[in-house]
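Coordinate inspection notes
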Amino acid sequence: MTGYEMFWPMMAHAVLVFILYALLGWRRRVLVKAGRIQPAQFRENHTADEPAESLVVRNSVANQFELPLLFHVGCIVLYTAQADNLPAVILAWIFVATRYAHAFVHVTSNDLRYRSPLFTLGFAALVCMWGWLGIWLAFS
């Protein structure tokens, strides 16, 4: 290991956020051109009546700043504590993979039968990352 493996899952998650912002902008442009929403609603943040096509993307973007906050902090702490070994990196990649899958379901079908298990798996991977850090700190 080169010592920077823990940062690649963080980069991959950042790419997901950039993709979602691009998708949000594209969907909103389409809705404005179709006359389904007015640009002023976004300028003044009056998005209560935002159509579902862009609302689900907006919600998915918001999701990337909730639980993933603990992911990014955890990755940095794992790196700092030199606990960023193979188990930690695998858990980080599992978390990021589930975020991609969760976001895909969120912005397409938004079917909770698929979204919930993906969220739960990512949540479990993140809990295990923090658990690994706790064990590492306790026994190092």
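As the structure is a computational prediction, the values presented were derived from the model and not from experiment.

**Quick notes on the environment of L126**
Within the secondary structure layout, L126 lies in helix α6 (residues 112–139). A relative accessible area of 3% means that L126 is categorised as buried. Remark: the alpha-carbon pair of L126 and L67, spanning 59 residues in sequence, is separated by 8.7 Å. Discounting chain neighbours no more than four positions away, the residues touching L126 are L67, L70, F71 and F95.

**Points about the environment of G35**
Here G35 is to be found in the loop between α1 (7–33) and α2 (39–43). Here the alpha-carbon distance between G35 and V73, two residues 38 residues apart in the chain, equals 42 Å.

**As for the UniProt feature "transmembrane region" (unreviewed entry) in the protein chain**
Feature annotation in UniProt assigns "transmembrane region" (unreviewed entry) to the following positions: residues 6–26, 88–107 and 119–139. Within the segment residues 6–26, helix and strand shares are 95% and 0% respectively, and the terminal C-alpha atoms sit 31 Å apart. Regarding residues 88–107, the helix share stands at 100% and the strand share at 0%, and the terminal C-alpha atoms are separated by 29 Å.

**Remarks on the packing of helix α5 (residues 86–107) against α6**
Put simply, α5 and α6 touch, their axes get as near as 8 Å, and they point 160° apart. It follows that α5 is roughly antiparallel to α6 by the angle criterion. Here α5 runs over α6; the crossing is left-handed. Residues P87, A88, L91, A92, I94, F95, T98, R99, A101, H102, V105 and H106 of α5 form the contact with α6, whose participating residues are Y114, R115, L118, F119, L121, G122, A125, L126, C128, M129 and W132. Each residue belonging to the contact of α5 with α6 can be placed in one class, and the counts come to 17 nonpolar, four polar and two charged.

Each value, and the rule that gives it
- Residues numbered from 1 in each chain as written.
- Predicted model: local features only at pLDDT ≥ 70, side-chain atom pairs only at ≥ 80, totals over all residues.
- Heavy atoms only, no water.
- Helix = DSSP H or I, 4+ residues; strand = E, 2+ residues; numbered from the N terminus.
- Buried < 20%, exposed > 50% of the residue type's maximum accessible area, 1.4 Å probe, protein only.
- Contact = heavy atoms within 4.5 Å.
- UniProt positions renumbered as here; feature names shortened; annotations may be inferred.
- Axes fitted to C-alpha atoms, helices over the stretch in contact; angles between N-to-C directions.
- Parallel < 35°, antiparallel > 145°, perpendicular 65-115°, else oblique.
- Left-handed = near helix turned anticlockwise from the far one by under 90°.
- Nonpolar A, V, L, I, M, F, W, Y, C, P; charged D, E, K, R; others polar.

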